[in-house]
Amino acid sequence: MNHLINCLKSTKITSGSIKSTCILFRSYSSTTTPTIDYNTLIPENGNIPKSLLDKIGKNLHSSHNHPLNIIKKKIQYHFQSKLSNDQVDFQFFDDFHPRVSVKSNFDELLFPKDHVGRSPNDTYYFNKNQVLRTHTSAHQNDILRDGNRAFLVTGDVYRRDEIDAVHYPAFHQMEGLRVFSFPSDGDKKSHFDPSINFYENQEYKNNKEVKIVEEDLKRSLESMIRGVIGQDLQVRWVDAYFPFTSPSWEMEILFNGKWLEVLGCGVVHPEIMHNTGLGHDRAWAFGIGLERLAMILFDIPDIRLFWTEDSRFHDQFKGVDKSNPSEKGKKLQDIDIKNIKFQPYSKYPSCFKDISFWIGDDFHSNKFFEFVRECCGDLVENVELVDNFTNPKTNKTSQCYRIHYRSMERNLTNEEIDQIQFNLRDKIESSLDLKLR
Ligand code: DAH
């Protein structure tokens, strides 16, 4: 059974079309999974490597002049100055802790029990009840219950994933939500009816209020993205699925001749509105990945750079944000980023080493990627599957992965890489379900 899931999962990860549309933004839009109780697979002491726990509290998005902070403020500025008015005032939440309950991260967002996002191969669990949030949507329900009607939440989020220039197990998202009230004839009845399938029901999707919310959502997000990237930006909407919204969409932007997915959004599911005491209101919500936008806007070629402490990176963004970081709570100013392009300080050569093994039923590529990251550190630039074959007689599967090493800061020596690779080979068999070849 496990093996079946692994196969399904790895097809999903590596298949061309899905890869190109999903991975950079990493949305929760796919649903095809076999029925399984993921709860039974969560290790008692969780599955979070030490290197990741060390990332908690770095708060890159709150660090003055960090490119993620610049992007965050540009979006906040737009919501404060262009999308707030007498009726709506967006509140900003920037420092919620990333340790959240499974209830907030999945249950209250209506994730089915067998949604693959719940798998410990995808999500970092402290224990059965607590995770490192996989998305900033995890805070929606609590903020609504506290009575807020328009807000943005920014934070670090965590997912087990592949290793390459655009994937890192920790990244940043911003969540936005706005509630709408509609005049009713005194009858304040909840819109939620458990017998309706809101993901499919056409009458619901064509409802006048839902349409008004949809229009406001699309108008607001188009104006936001143009405010951040540029007024002549081309934008298109693609239908999507998220458990917590219906209808749902992804926004794509035309950038350097390619359509890129930048955010997911939708009309908040009536059950969530009902559960937070807002059953007679409607709302829209969206989630956007910040690394993606920063990489596009500043030409940042590798996601590991966001975590570097090298001044040759940070010096390039110094002074871009003219505001005074000690004057918090003041009205935000727009930040001019037109001419800010990252100049790679040098491209040090990369080298690669292959590793081949027979995999067992319990093997999952994400476990392997994480082990490599944990054992070999951030010198690993990219890990790719270069060979995968199953012996028809024994039914055993062999895989070969190519590990590319590159430092952002210096030349690596052959001996150093040999040592790292030797260390990996030495430890891997006792930790993962595989036999080296
Ligand atoms: N949480 C989703 C993700 O991580 C993004 C998202 C989609 C957020 C739709 C939303 C939304 O609020 O309405 O992929």
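Please read all numbers here as calculations on a predicted model, not as lab measurements.

## Remarks on the overall build of the protein
In terms of helices and strands, the protein carries 13 helices and 14 strands. Taking 22 Å as the expected radius of gyration for a compact globule of 437 residues, we find that the protein reaches 23 Å, a close match to that expectation. Dimensions of the protein, computed from the C-alpha atoms along their principal axes, are close to 75 × 55 × 40 Å. Evaluated residue by residue, the protein yields a buried proportion of 53% over its 437 residues. Taking the intrachain contacts of the protein between residues at least 6 apart in sequence as the baseline, contacts between residues at least 24 apart amount to 72%.

## Re the sheet that holds strand E8 (residues 245–255)
In spatial order, the strands read E1-E5-E6-E10-E9-E8-E7; together these seven strands make up an open sheet with mixed pairing. Since the sheet does not close on itself, it has two edges, and those belong to strand E1 (91–93) and strand E7 (235–242), each with one partner. Pairwise comparison of adjacent strand axes, ignoring direction, gives a mean angle of 25° for this sheet. Looking at chain direction, E8 and strand E9 (residues 258–268) are connected through nine bridges and run antiparallel. Residue pairing across strands places Thr245 opposite Val268, the latter belonging to E9.

## Points about the sheet that holds strand E13 (residues 397–405)
An order of E12-E13-E11-E14 is seen for the four strands of this open sheet, with the pairing classed as antiparallel. In this open sheet, the two strands that pair with only one neighbour each are strand E12 (380–390) and strand E14 (434–436). Averaged over all pairs of adjacent strands, the angle between their axes in this sheet comes to 30°, without regard to strand direction. Pairing between strand E11 (residues 351–359) and E13: nine bridges, direction antiparallel.

## Let's talk about the pairing of E8
Burial analysis of E8 places nine of its eleven residues in the buried class, which makes it a mostly covered element. Pairing between E7 and E8: seven bridges, direction antiparallel. Across the sheet, residue Asp239 finds its bridge partner in E8, namely Trp249. With antiparallel pairing between neighbouring strands as the criterion, E7 and E8 make up a hairpin whose turn holds two residues. Between E8 and E9, which pair antiparallel in sequence order, lie two residues; one of them, Asn256, sits at a positive phi of approximately 50°.

## Observations regarding the environment of Asn411
Considering the arrangement of structural elements, one finds Asn411 in the loop between E13 and helix H13 (414–431). The exposure class assigned to Asn411 is partly exposed, which follows from its relative accessible area of 47%. Separated by 65 residues in sequence, Asn411 and Ser346 place their C-alpha atoms 10 Å apart. Aside from chain neighbours lying at most four places away, what touches Asn411 is Tyr348 and Pro349.

## Concerning the confidence of the model for the protein
Chain-level statistics for the protein give a pLDDT mean of 90 and a share of 92% at 70 or above. This model gives residues 1–24 a pLDDT under 50, and the stretch forms 38 contacts once residues within four places in sequence are excluded.

## Looking at the packing of helix H4 (residues 67–81) against helix H8 (residues 208–229)
Where H4 contacts H8, the two axes come as close as 9 Å, and the packing angle between them is 130°. As far as their axial angle goes, H8 and H4 are oblique. By crossing handedness, the relation of H4 to H8 is classed as right-handed. Mapping the contact onto sequence places Lys74, Ile75, His78 and Phe79 in H4 and Leu221, Ser223, Met224, Gly227 and Val228 in H8. In terms of residue class, the contact of H4 with H8 is made up of five nonpolar, three polar and one charged.

## Quick look at H4
Along an α-helix, a turn takes 3.6 residues, which lines up residues three or four apart on a common side. Helix length check: H4, at 15 residues, gives a terminal C-alpha distance of 21 Å against a target of 21 Å (1.5 Å per residue), a fit within 8%. Of all 15 residues that make up H4, 13 are buried, and the element is covered over most of its length.

## Things to note about the pattern of salt bridges
For the coordinates displayed, the defined rule picks out 29 salt bridges. Between Lys103 and Glu108 there is a salt bridge, with the nearest N and O atoms lying 3.9 Å from each other. A salt bridge links Lys338 to Asp336, with the nearest nitrogen and oxygen atoms 3.8 Å apart. The residues Lys338 and Asp336 share a single accessibility class, namely exposed. One continuous salt-bridge network, built from bridges that share partners, spans Lys103, Glu108, Asp142 and Arg145.

## A look at the nonpolar core
Within the largest apolar cluster, 67 residues are counted, with the highest numbers of intra-cluster contacts made by Ile75, Phe79, Ile225, Ile253, Ile288 and Phe298. Counting residues per element, the ones that place at least two in this core are H4, strand E5 (150–158), strand E6 (170–180), H8, E8, E9, strand E10 (282–289) and helix H10 (290–298). Of all the elements, H8 adds the most residues to this core, at eight residues. What Phe298 contacts, discounting residues up to four positions off in sequence, is Pro67, Ile70, Ile71, Phe317, Ile337, Ile340, Lys341 and Phe342.

## Thoughts on unusual backbone geometry
Residues Ser246 and Pro247 are joined by a peptide bond in cis, for which omega reads -10°. Phi at Asn65 takes a positive value of approximately 75°, unusual for a residue other than glycine. Phi at Asp299 is positive, roughly 60°, even though this residue is not glycine. Given the relative accessible area of 43%, Asp299 is considered partly exposed.

Cut-off values and rules
- Residues numbered from 1 in each chain as written.
- Predicted model: local features only at pLDDT ≥ 70, side-chain atom pairs only at ≥ 80, totals over all residues.
- Heavy atoms only, no water.
- Helix = DSSP H or I, 4+ residues; strand = E, 2+ residues; numbered from the N terminus.
- Rg over C-alpha atoms; globule rule 2.2 N^0.38 Å.
- Buried < 20%, exposed > 50% of the residue type's maximum accessible area, 1.4 Å probe, protein only.
- Contact = heavy atoms within 4.5 Å.
- Pairing = 2+ DSSP bridges.
- Axes fitted to C-alpha atoms, helices over the stretch in contact; angles between N-to-C directions.
- pLDDT = per-residue confidence, 0-100.
- Parallel < 35°, antiparallel > 145°, perpendicular 65-115°, else oblique.
- Left-handed = near helix turned anticlockwise from the far one by under 90°.
- Nonpolar A, V, L, I, M, F, W, Y, C, P; charged D, E, K, R; others polar.
- Expected span 1.5 Å × (residues − 1).
- Salt bridge = Lys/Arg side-chain N within 4 Å of Asp/Glu carboxyl O.
- Core = buried A, V, L, I, M, F, W, Y, C linked by side-chain atoms within 4.5 Å.

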